[in-house]
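What follows is the residue order along each chain.
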Amino acid sequence: DTEVTQTPKHLVMGMTNKKSLKCEQHMGHRAMYWYKQKAKKPPELMFVYSYEKLSINESVPSRFSPECPNSSLLNLHLHALQPEDSALYLCASSQSSQTGFTDTQYFGPGTRLTVL
Amino acid sequence: GESVGLHLPTLSVQEGDNSIINCAYSNSASDYFIWYKQESGKGPQFIIDIRSNMDKRQGQRVTVLLNKTVKHLSLQIAATQPGDSAVYFCAENPPGSARQLTFGSGTQLTVLP
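As a starting point, this report considers the structure included with it. Bear in mind the structure is a predicted one, so any value in this text is a computation, not a measurement. (Residues numbered from 1 in each chain as written. Chains lettered and ligands numbered in written order. Predicted model: local features only at pLDDT ≥ 70, side-chain atom pairs only at ≥ 80, totals over all residues. Heavy atoms only, no water.)

### A word on the overall build of chain A
Counted only if it meets this: Strands are runs of DSSP state E lasting at least 2 residues, helices are runs of H or I lasting at least 4, and numbering of each runs from the N terminus. Three labels apply to residues, based on accessible area from a 1.4 Å probe with only protein chains included: buried if under 20% of the type maximum, exposed if over 50%, partly exposed otherwise in between. Surface accessibility follows the Shrake-Rupley procedure with a 1.4 Å probe radius. Residue values consider only the protein chains on display as shielding. Under this rule, positive means Lys or Arg and negative means Asp or Glu; His and the chain ends count for nothing. Charge positions come from single atoms, namely NZ of Lys, CZ of Arg, CG of Asp or CD of Glu.
Counting secondary structure elements, chain A contains zero helices and eleven strands. Mapped from its N terminus to its C terminus, chain A presents α and β elements in the order β-β-β-β-β-β-β-β-β-β-β. Dimensions of chain A, computed from the C-alpha atoms along their principal axes, are close to 45 × 25 × 25 Å. Of all 116 residues assigned to chain A, the portion counted as buried reaches 47%. Surface exposure of chain A reaches about 5700 Å², of which carbon and sulfur atoms provide 51%. Looking at chain A, you have 12 positive and 10 negative side-chain charges, and the mean spots of the two groups are 8 Å apart.

### Notes on the layout of surface pockets
Quick reminder of the rule: For cavity detection a 1 Å grid was placed over the protein atoms alone, and a set of points counts as a cavity when a 1.4 Å probe fits there but cannot get out; an open set counts as a pocket when protein lies on both sides within 12 Å along at least five of seven lines, with lining residues being those that have an atom within 4 Å of a point. Grid points are joined across faces, edges and corners, and a volume is the space filled by probe spheres set on the points. Under the scheme applied here, ten amino acids are nonpolar (Ala, Val, Leu, Ile, Met, Phe, Trp, Tyr, Cys and Pro), four are charged (Asp, Glu, Lys and Arg), and all others, including Gly, are polar.
Put simply, the largest pocket is a space of about 480 Å³. Secondary structure elements with two or more residues in the lining of the largest pocket: β9 (86-92) and β11 (107-112) of chain B. Ranked by residues supplied to the lining of the largest pocket, first place goes to β9(B) with three residues. Tallied by class, residues from the lining of the largest pocket come to six nonpolar, nine polar and six charged. Lining the second largest pocket are eleven residues, with A:P43, A:E44, A:L45, B:L101 and B:F103 positioned closest to its centre. Partitioning the lining of the second largest pocket into residue classes produces five nonpolar, two polar and four charged.

### Side note on the state of the cysteines
This is how the line gets drawn: Disulfides are defined as pairs of cysteine sulfur atoms found within 2.5 Å of each other.
Counting across every chain of the model gives two disulfides over all chains. A:C68 takes part in no disulfide bond, and the closest cysteine sulfur, belonging to A:C23, lies 9.2 Å away.

Structure representation (structure tokens):
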């Protein structure tokens with residue numbers, strides 16, 4: 001089973017709203033990722049968590065706040081977003097083995113976010 | 001700029017024919033490469049990966065070829081089916097960027113009946 005689930009599938013929010021995106025995996029993976037994808041573009045890395053600790057923040061604006069409550073869950077809290085933040089937000093996970101080799105990242109279906 | 005790119009943004013093939021999707025990368029020290037398929041409205045789906053100590057790897061109907069001499073990666077799909085229509089992304093893991101993937105710009109594959 002290589003399933004990563006994301007909720008909600010679609011989200012429409014105003015620029016003053018606070019909302020959260022959720023991601024879950026039960027593969028025992030210890031690395032989890034948030035990506036942003038605009039239409040007809042490749043995914044862009046936002047954050048990486050490794051063993052529940054933030055290891056990479058790709059200079060993402062503070063209106064995006066990630067959280068990793070446990071090894072299976074990853075949240076992305078949204079506040080005061082701009083219309084240009086409208087995109088598909090993808091979660092991914094990988095095994096994060098200690099071998100030094102890069103592990104395969106498995107993606108969820110994404111949350112389609114529209115900021116009005 | 002991106003270190004991974006694709007030669008063709010779109011590719012159309014007849015159903016039943018073989019497809020070849022190409023990808024160029026610029027970092028000769030990259031040690032891991034991966035192909036994803038993304039259908040409209042869905043997340044990227046893992047197809048196949050290859051490490052730099054290999055030249056070829058085969059899966060079910062797919063083969064990835066790695067030519068380190070010219071820094072070229074290709075994905076071959078045998079007997080292409082309508083369900084193969086999607087955008088295909090290659091990605092690499094450059095050295096010193098643990099768990100970070102650099103994605104190519106993507107190729108839209110359309111399978112014609």
